[in-house]
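A closer look at the structure
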Amino acid sequence: MEITFNLSRQSKVVAAALFMAVGLFSCSKKEEKDAKYYQDIKVEGQKEAELTAPPFVPKPVGDRAAMKLVVNMEIKEEEGEMVDGVKYTYWTFGGSVPGSFIRTRVGDEVEFHLKNHPDNKMPHNIDLHTVTGPGGGATSSLVAPGHEKVFNFKTLNPGLYVYHCATAPVGMHIANGMYGLILVEPEGGLPPVDKEYYIMQGDFYTKGSYGEQGSQPFDMNKAIKEQPDYVVFNGKVGAVAGDKAITAKVGETVRIYMGNGGPNLVSSFHVIGEIFDKVHIEGGDMINKNVQTTLIPAGGSAIVEFKVDVPGTFILVDHSIFRAFNKGALGMLKVEGEDNKDTKKVYSGTTQEGIYLPEGGTIQNMPKENGAVKSTVAKTVPEQIKSGKELYGRTCFACHQSEGQGVPNAFPPLAKSDFLNANPDRAVNAVLHGLSGEVVVNGKKFNNVMTSQNLTDDEVADVLTYVYNSWGNNKTVITPAKVKALRAKPAPKAAAAAH
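Quick look at the structure, then. In this text, all values refer to a predicted model and were calculated from it rather than measured experimentally. (Residues numbered from 1 in each chain as written. Predicted model: local features only at pLDDT ≥ 70, side-chain atom pairs only at ≥ 80, totals over all residues. Heavy atoms only, no water.)

Let's talk about the sheet that holds strand 11 (residues 195-204)
- Read from one edge to the other, the open sheet built from 6 strands follows the order 13-11-15-20-17-18, with strand pairing classed as mixed. The open sheet has two edge strands, strand 13 (230-233) and strand 18 (287-291), and neither has a second partner. The average undirected angle you get between the axes of adjacent strands in this sheet is 20°. (Pairing = 2+ DSSP bridges. Helix = DSSP H or I, 4+ residues; strand = E, 2+ residues; numbered from the N terminus. Axes fitted to C-alpha atoms, helices over the stretch in contact; angles between N-to-C directions.)

Okay, here's the thing in structure tokens:
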């Protein structure tokens, strides 16, 4: 039997309205159920959380049930090295900057044990952005040296969250390295990838300028003015570079849990030579695709994923670019694999090492006629060489390389350099005033610009003495008096300097 319905226009409108109302109420009920479900979900079992120091992360949660997770975190105040020769007293969660990575799943009940090492001098607490409650846990966790505080919370929202100290003065505690990330995975876990890493950016404020040797205390005035001397990944210059670089193989997908501890600056996170396939914006549910650079606010995060298609070294930077090359916000991802016809379809070109390296904090200018003068106490030659080596690392390294080999067709070698050994005065003038135009070094022509270096007489003498006493050069010793005398003279013309 066939039944037909003949609805009037008015009846259709009423039916549609009822359908929409039912749909809306259904969605509302589902959302309420979801929220209540995560709040009231029963936990099954208990275990101690695996905590890891950067750049590594604990194992994924997978499809395990919600459980009671016990986190044991110890605060340690300890001296570390910000850059070669520069000591800094970090305040840390778990002995690293950033602090230990914590990995949970939505619905977990976390029992948090916060211990303050007895050798510490300051009280501390913790504010976890994943906590729904006063102070994010800070009001329950203020702990004096030699004591422990315990509090519990439920993970209600999946995402990647920052935690940090919130003891007054809050900015000082964060600026000394007291921040980290806690990941709350969704039910069933995040999709698996080949490699996962943990990186956080932070800005540091020291009494001395970038690279100034010795133990450097925190500078509150610079912090208030938001004028950092260092902007770094994972607590120090070079923490994710060189032999500490993160790694992958061609064809693998890399996921980086990227955070920004601040306390002040916003990060423009970028991987030179890669495009993010996926970005979990600000560490949440929303996913953006095919992203070149992603903004990460202070106290915020992002999850970035990308497949590496070709071998080589890929540079991680804050694309506020002076922070990368002159303040330290530079890391490396080294990708291994064969360079074959498939990879050459993606990228083909001569690979030249020595591109995109840290340049240090020395102020550099185009070739000029005058420079500032400042002198200090006389040093022995070994002291000059030691000081010069450190200066070289933060002033000359990027262009002239670790062994003075230079960069082919771009920057001339300093090793066994006939140009340097023939005329020390010319070398001093090049550092003081810069150099442009064609030069011939060891039989090869170079036509580039060397910027002048804003160094004192002693610093110029030290760095050149180091160069002359390294890599097969003629062991000339440059004195501050010689530098001072040459600085007082008019700068030589470019043509005269070059030949």
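Quick look at the pattern of salt bridges
- Applying the stated criterion across every chain yields a total of 15 salt bridges.
- For R103, the salt bridge goes to E196, with nearest N and O atoms at 2.9 Å. Note that R103 is positioned in strand 5 (residues 101-105) and E196 in strand 11, a separation of 93 residues in sequence. For the pair shown, R103 and E196 are each scored as buried.
- With its nearest N and O atoms 2.8 Å apart, the salt bridge here joins R323 to D318. Each member of the pair, R323 together with D318, is buried.
- Look at the salt bridges and you will find they share partners, linking R103, E185, E196, R255 and E305 into a network. (Salt bridge = Lys/Arg side-chain N within 4 Å of Asp/Glu carboxyl O. Buried < 20%, exposed > 50% of the residue type's maximum accessible area, 1.4 Å probe, protein only.)

Quick notes on helix 11 (residues 480-488)
- Taken together, the buried positions of helix 11 are V483, L486 and R487. Buried residues of helix 11, seen end-on, are gathered within an arc of 100° and therefore sit on one face of the element. Looking at helix 11, the residues exposed on the side facing more than 90 degrees away from the buried face are A481, K484 and A488. (Arc of directions from axis to C-beta.)

Considerations on helix 9 (residues 424-433)
- The buried fraction of helix 9 amounts to 9 of the 10 residues, a majority that puts the element mostly inside the structure.
- Every buried residue belonging to helix 9 is among P424, R426, A427, V428, N429, A430, V431, L432 and H433, and all of these are buried.
- For helix 9, the N-terminal cap is N423; the gap from its side-chain oxygen to the backbone nitrogen of D425 is 3.2 Å.
- Downstream of helix 9 by a residue or two, G434 has a phi angle that is positive, lying close to 85°. (Polar contact = N/O pair within 3.5 Å; in protein donor to acceptor, adjacent residues only side chain to side chain.)

Comments concerning the packing of helix 6 (residues 381-395) against helix 10 (residues 457-468)
- Following both chains from N to C, one finds helix 6 and helix 10 inclined at 95°, their axes separated by 7 Å at the closest point. As far as their axial angle goes, helix 10 and helix 6 are roughly perpendicular. Contacts from V381, Q384, I385, S387, G388, K389, L391, Y392 and R394 of helix 6 reach helix 10 at E459, A461, D462, V463, T465, Y466 and V467.
- Across the contact of helix 6 with helix 10, the residue classes break down as 8 nonpolar, 4 polar and 4 charged. (Parallel < 35°, antiparallel > 145°, perpendicular 65-115°, else oblique. Contact = heavy atoms within 4.5 Å. Nonpolar A, V, L, I, M, F, W, Y, C, P; charged D, E, K, R; others polar.)

Some points on the packing of aromatic side chains
- Summed over the entire model, instances satisfying the criterion amount to 15 aromatic pairs.
- The interplanar angle of 70° and the centroid separation of 4.8 Å between the aromatic rings of F101 and Y198 together place this pair among those described as edge-to-face. With F101 in strand 5 and Y198 in strand 11, this pair connects stretches of sequence that are 97 residues apart. In terms of burial, F101 and Y198 fall into one category: buried.
- Stacked on the ring of F419, the Lys or Arg R426 has its end atom at 3.9 Å from the ring centre. (Phe/Tyr/Trp six-rings, centres within 6.5 Å; stacked < 30°, edge-to-face > 60°. Lys NZ or Arg CZ within 6 Å of the ring centre and 35° of its normal.)

What about unusual backbone geometry?
- Each neighbour pair has its own omega, and for V97 with P98 the value is -5°, a cis peptide bond.
- Among the structural elements, P98 can be located in the loop between strand 4 (86-93) and strand 5.
- Of note, the phi angle at W471 is positive, near 55°, even though the residue is not glycine.
- Looking at the secondary structure, you find W471 in the loop between helix 10 and helix 11.
- Residue classification places W471 among the buried residues on the basis of a relative accessible area of 17%.

Describing the sheet that holds strand 14 (residues 246-249)
- The 5 strands are arranged 14-22-21-16-19 in an open sheet whose pairing can be described as mixed. The outermost strands of the open sheet, each flanked by one partner alone, are strand 14 and strand 19 (293-296). Along the sheet, successive strands turn relative to each other by an average axial angle of 20°, direction set aside.

Structural notes on the packing of helix 9 against helix 11
- Packing of helix 9 against helix 11 leaves a shortest axis separation of 10 Å and a crossing angle of 65°. Comparing the axis directions of helix 9 and helix 11 gives the class roughly perpendicular. At the point where helix 9 passes helix 11, the crossing takes the right-handed sense. Residues D425, V428, N429, L432 and H433 of helix 9 pack against K482, V483, L486 and R487 of helix 11.
- In the contact of helix 9 with helix 11, the residues fall into 4 nonpolar, 2 polar and 3 charged. (Left-handed = near helix turned anticlockwise from the far one by under 90°.)

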